[in-house]
Amino acid sequence: MPSLALLAQSLASGIFIGALYGLLGLGLSLAWGLLGQINLAHFALALLGAYLTYQLGTAGLDPLATLAIVLPAFFVFGAALHWLFARFAVSAFNSLLVTFGLTVIIEAAIQWIWSADFRRLESHYADIRYRVGTLYIPLPELLTLALAVALSLALWAALRYTDFGKALRASAEDASMAQAFGVNAKALALLLSGISAALAGVAGLCIALSYTLAPSQIYAWVGVVFAVVMLGGLGSALGPLIAGIVIGVSEALTMAFTAPSWAPLVSFSLLIALLLLRPEKI
Amino acid sequence: MLEVDRVRVSYGAAAAIVDVSLTIGDRELVCVVGPNGAGKTTLINALAGLHRIDSGALRLDGRDVSRLAPHRYCDHGIAIVPEGRRLFTGMTVRENLELGAYRRAARAKRARSLERVCALFPVLAERLEARAGALSGGQQQMVAIGRALMAEPRLLLLDEPSLGLAPLIVTALFETIRTIAASGVTMLLVEQNVALALEVASRAYVLEEGRIAAQGAPAELRRRPEIRRAYLGLTEEAR
């Protein structure tokens, strides 16, 4: 039987990794649910963002300040990607294929620029940790949680309460009908695709602060984040965060009580259970 | 107010409407009748910017709108109640209505327009927070009409509003259409229920195989033997 301290430690680390899942899933879920675009390259983009943060951070820029460069660049990239998808009428399934190709290209580019060696951002943030009871909580993880919660809540509120959000949801259901009432559906789609890519940039920052980087890391979270997106509901802004924390905590507890290798079983069991019990939610 | 001038619309190689010309005067209620597949929905969708026209012109107060981007049509006061309603079913009734008032000129008057729609359809006032998809067919049609009215239209396009509704509800619906027309909104009504459409309209066009086959005042059309045979007799039997 694990000690109470271990239990608390697992819970905390589950919440923190869950926040990262949620942050990675947020942009993916919005683009998928509202634009019908399954952007597999979201993960490659996040890791590219992490490498850019690493590069700029190593050059002396404060990691948080790198967002000022990464976010606009990624926004433009995301908008351009959607413009191409719209221009060539790429279906949801084909978007999966195209963005898989893009993933491979980004991975090769990362390997070419930064090599396959491990890279680690040395920042003063990594040394700061807070003591809560018997736990030590590193600042980077706390920052990930704070960003995930703030961004999910902000986007949830924007989708639910603003004209922009209502117009987006309406165009997701019936774009030409939304247009008939004055919604510039094409412009909104570009905007959302840009936001979604920028969210990958934010996730990249969090990855750079907490993890050692290697190109293959792109694929480390694909499975679990897809499970998170589906559990959370496509197009939902709060869903990925909640599902991410649920999966993160159950993974961490599984690791504590059994062996680390059992952890992936949890997320996929949850996903299969959902598919069996509530297929209409997907 | 609206002048449709020799308009042609096609789907790929197949022409859906050819050389269609019609006019609608200020505050008129004009109806277009015709069999299924005659191109009525194509015509009304082209007027709302949902479908591009190949040639011809759509002139609103003398200005051709047919080259505008789809989301710009409503700026000119055109609003549509489409066939099959096409509500945003995952959103609430209130959100559907608010979206109707999305265009800038209508947004400022949104609160007042909402009150007006609720006065016209009191049953909607009680269901504002319900999901639009959860409403009955008749109530959904009210939301579709309400959504279009929220846009403060000068020209309201109604496509088969009676489709799939119970006879009693259809009667109430046409009462509402009369009320809206009386309030000064110009309307174009496409309807399969020819007898009913001729009752409310001030003028009518008959569309057959993508072309205007006949036009005139309802009383005059009702007297024509071929129209009695093709539309009035059959529709009464079918119902």
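Residues numbered from 1 in each chain as written. Chains lettered and ligands numbered in written order. Predicted model: local features only at pLDDT ≥ 70, side-chain atom pairs only at ≥ 80, totals over all residues. Heavy atoms only, no water.

## Quick word on the overall build of chain B
Next, step 1: Looking only at helices and strands, chain B features 10 helices and 10 strands.
Next, step 2: In terms of principal-axis extent, the alpha carbons of chain B reach across some 50 × 40 × 35 Å.
Next, step 3: Buried residues in chain B amount to 56% of all 239 residues.
Next, step 4: Of the contacts formed within chain B by residues at least 6 apart in sequence, a portion of 67% connects residues at least 24 apart.
Next, step 5: Counting only carbon and sulfur atoms, one obtains 50% of the accessible surface of chain B, whose full area is about 10,200 Å².
Next, step 6: A distance of 4 Å separates the average location of the 32 positive side-chain charges in chain B from that of its 27 negative side-chain charges. (Helix = DSSP H or I, 4+ residues; strand = E, 2+ residues; numbered from the N terminus. Buried < 20%, exposed > 50% of the residue type's maximum accessible area, 1.4 Å probe, protein only. Contact = heavy atoms within 4.5 Å. Areas by Shrake-Rupley, 256 points an atom, 1.4 Å probe, with all protein chains shown as cover. Lys, Arg positive; Asp, Glu negative; His and termini not counted. Charge placed at Lys NZ, Arg CZ, Asp CG, Glu CD.)

## Structural notes on the nonpolar core
Next, step 1: By size, the foremost hydrophobic cluster in this structure holds 105 residues, and its most contacted members are Leu30(A), Leu156(B), Leu157(B) and Leu189(B).
Next, step 2: Each of two domains, domain 1 (1-77 + 154-239) and domain 2 (83-152) of chain B, supplies a minimum of three residues to this core.
Next, step 3: In this view, Leu156(B) contacts Ala79(B), Val81(B), Ala148(B), Leu149(B), Ile180(B), Val185(B), Thr186(B), Met187(B) and Leu188(B); residues no more than four positions away in its chain are not counted.
Next, step 4: Counting 56 residues, the second-largest nonpolar core is a separate cluster that includes Leu67(A), Ala148(A), Ile207(A) and Ala227(A). (Core = buried A, V, L, I, M, F, W, Y, C linked by side-chain atoms within 4.5 Å. Domains from an automatic or database assignment.)

## Focus: the sheet that holds strand S7 (residues 155-159) of chain B
Residue and element names in this part refer to chain B.
Next, step 1: Taken in spatial order, the six strands of this open sheet run S6-S7-S8-S3-S9-S10, and their pairing is mixed. Unpaired on one side and paired on the other, strand S6 (78-81) and strand S10 (211-216) mark the two borders of the sheet. Geometrically, the sheet is characterised by an average inter-axis angle of 20 degrees between neighbouring strands, direction not taken into account.
Next, step 2: Those strands touched by helix H6 (residues 137-150) are S6 and S7, and its axis lies near 175 degrees from that of S6.
Next, step 3: Here helix H7 (residues 167-182) sits on the sheet in contact with strand S3 (29-33), S7 and strand S8 (186-190), set at roughly 150 degrees to S8. (Pairing = 2+ DSSP bridges. Axes fitted to C-alpha atoms, helices over the stretch in contact; angles between N-to-C directions.)

## Observations regarding the sheet that holds strand S1 (residues 2-11) of chain B
Residues and elements named next belong to chain B.
Next, step 1: One open sheet accounts for four strands, arranged S2-S1-S4-S5; its pairing is antiparallel. Edge positions in the sheet fall to strand S2 (14-24) and strand S5 (63-64), since each has one partner strand and no second.
Next, step 2: With two bridges connecting them, strand S4 (residues 55-60) and S5 associate as antiparallel partners. The residue of S5 that forms the bridge with leucine 60 is arginine 63.

## Section: the domain arrangement of chain B
Residue and element names in this part refer to chain B.
Next, step 1: When its domains are assigned, chain B resolves into domain 1 (1-77 + 154-239) and domain 2 (83-152).
Next, step 2: Listed as interface residues are 18 residues of domain 1 and, on the opposing side, 13 residues of domain 2.
Next, step 3: Joining domain 1 to domain 2, the criterion identifies zero salt bridges.
Next, step 4: Viewed at the interface, domain 2 and domain 1 are joined by four residue pairs in polar contact (both at pLDDT 80 or more).
Next, step 5: When contributions to the side of domain 1 that touches domain 2 are tallied by element, the ones reaching two or more residues are S7 and H7.
Next, step 6: Broken down by element, the side of domain 1 that touches domain 2 gets its largest block of residues, five residues, from H7. (Salt bridge = Lys/Arg side-chain N within 4 Å of Asp/Glu carboxyl O. Polar contact = N/O pair within 3.5 Å; in protein donor to acceptor, adjacent residues only side chain to side chain.)

## Considering the interface of chain A and chain B
Next, step 1: Between chain A and chain B, the residue contacts involve 17 residues of the former and 25 residues of the latter.
Next, step 2: Summing both sides of the interface, chain A and chain B together bury roughly 1,900 Å²; the carbon and sulfur share of this comes to 60%.
Next, step 3: The three residues of chain A that bury the most area against chain B are Glu173(A), Met177(A) and Phe181(A), which together make up 36% of that side's buried surface.
Next, step 4: For the interface between chain A and chain B, the tally reads five salt bridges.
Next, step 5: Joining chain A to chain B, the criterion identifies eight residue pairs in polar contact (both at pLDDT 80 or more).
Next, step 6: Of all the elements in the fold, those that place two or more residues in the side of chain A that touches chain B are helix H7 (163-173) and helix H8 (175-180) of chain A.
Next, step 7: Per-element tally for the side of chain A that touches chain B: the top contributor is H7(A), with six residues.
Next, step 8: Looking at side-chain class alone, the side of chain A that touches chain B contains seven nonpolar, four polar and six charged residues. (Buried area = accessible area lost by both parts, 1.4 Å probe. Nonpolar A, V, L, I, M, F, W, Y, C, P; charged D, E, K, R; others polar.)

## Overview of the confidence of the model for chain B
The predicted structure's coordinates, where accompanied by low pLDDT, should not be read in detail.
Next, step 1: For chain B, per-residue confidence averages 92 on the pLDDT scale, and 97% of positions sit at 70 or higher.
Next, step 2: Predicted confidence in chain B is weakest over helix H10 (residues 225-238) of chain B, with a mean pLDDT of 68, and strongest over helix H2 (residues 93-100) of chain B, with 97. (pLDDT = per-residue confidence, 0-100.)

## Side note on H6(B)
All names here are of chain B.
Next, step 1: A rise of 1.5 Å per residue sets the reference length of H6, with its 14 residues, at 20 Å; its end C-alpha atoms lie 20 Å apart and thus fit the reference within 8%.
Next, step 2: When you tally the buried positions in H6, you get 12 out of 14 residues, the bulk of the element.
Next, step 3: For H6, the complete set of buried residues consists of Gly138, Gln139, Gln140, Gln141, Val143, Ala144, Ile145, Gly146, Arg147, Ala148, Leu149 and Met150.
Next, step 4: Two residues or fewer after H6 comes glutamate 152, characterised by a positive phi angle close to 55 degrees. (Expected span 1.5 Å × (residues − 1).)

## Let's talk about unusual backbone geometry
All names here are of chain B.
Next, step 1: Backbone geometry at arginine 27 places phi at a positive 60 degrees, although glycine is not the residue there.
Next, step 2: Inspection of the secondary structure puts arginine 27 in the loop between S2 and S3.
Next, step 3: Despite not being glycine, aspartate 61 shows a phi value in the positive range, around 50 degrees.
Next, step 4: You can see aspartate 61 is positioned in the loop between S4 and S5.
Next, step 5: Exposure remark for aspartate 61: the relative accessible area of 49% places this residue in the partly exposed category.

## A word on the packing of helix H1 (residues 4-35) of chain A against helix H11 (residues 239-257) of chain A
Residue and element names in this part refer to chain A.
Next, step 1: At a minimum axis distance of 6 Å, the contact between H1 and H11 shows a crossing angle of 145 degrees. When the axes of H1 and H11 are compared, the crossing they make is right-handed.
Next, step 2: Tallied by class, residues from the contact of H1 with H11 come to 17 nonpolar, nine polar and one charged. (Left-handed = near helix turned anticlockwise from the far one by under 90°.)

## A closer look at the pattern of salt bridges
Pairing between side chains of opposite charge can happen when the charged atoms of each approach one another.
Residue and element names in this part refer to chain B.
Next, step 1: Throughout the structure, instances matching the rule amount to 19 salt bridges over all chains.
Next, step 2: A salt bridge links arginine 59 to glutamate 3; its shortest N-O distance comes to 3.5 Å. Separated by 56 residues along the polypeptide, arginine 59 in strand S4 and glutamate 3 in strand S1 bring together distant segments of the chain.
Next, step 3: A salt bridge links aspartate 5 to arginine 6; the shortest N-O distance between them is 3.1 Å.

## Concerning helix H12 (residues 263-277) of chain A
An α-helical turn contains 3.6 residues, so a residue and the one three or four places further along point in the same direction.
Residues and elements named next belong to chain A.
Next, step 1: When the terminal C-alpha atoms of H12 are compared, their 22 Å separation across 15 residues agrees well with the 21 Å that a helix rising 1.5 Å per residue should span.
Next, step 2: Turning to H12, its buried residues number three or more, namely Ala263, Val266, Ser267, Leu271 and Leu274. Axial view of H12: buried residues confined to an arc of 125 degrees, hence all on one face.
Next, step 3: Where H12 is buried, its residues contact helix H10 (222-232) and H11. (Arc of directions from axis to C-beta.)

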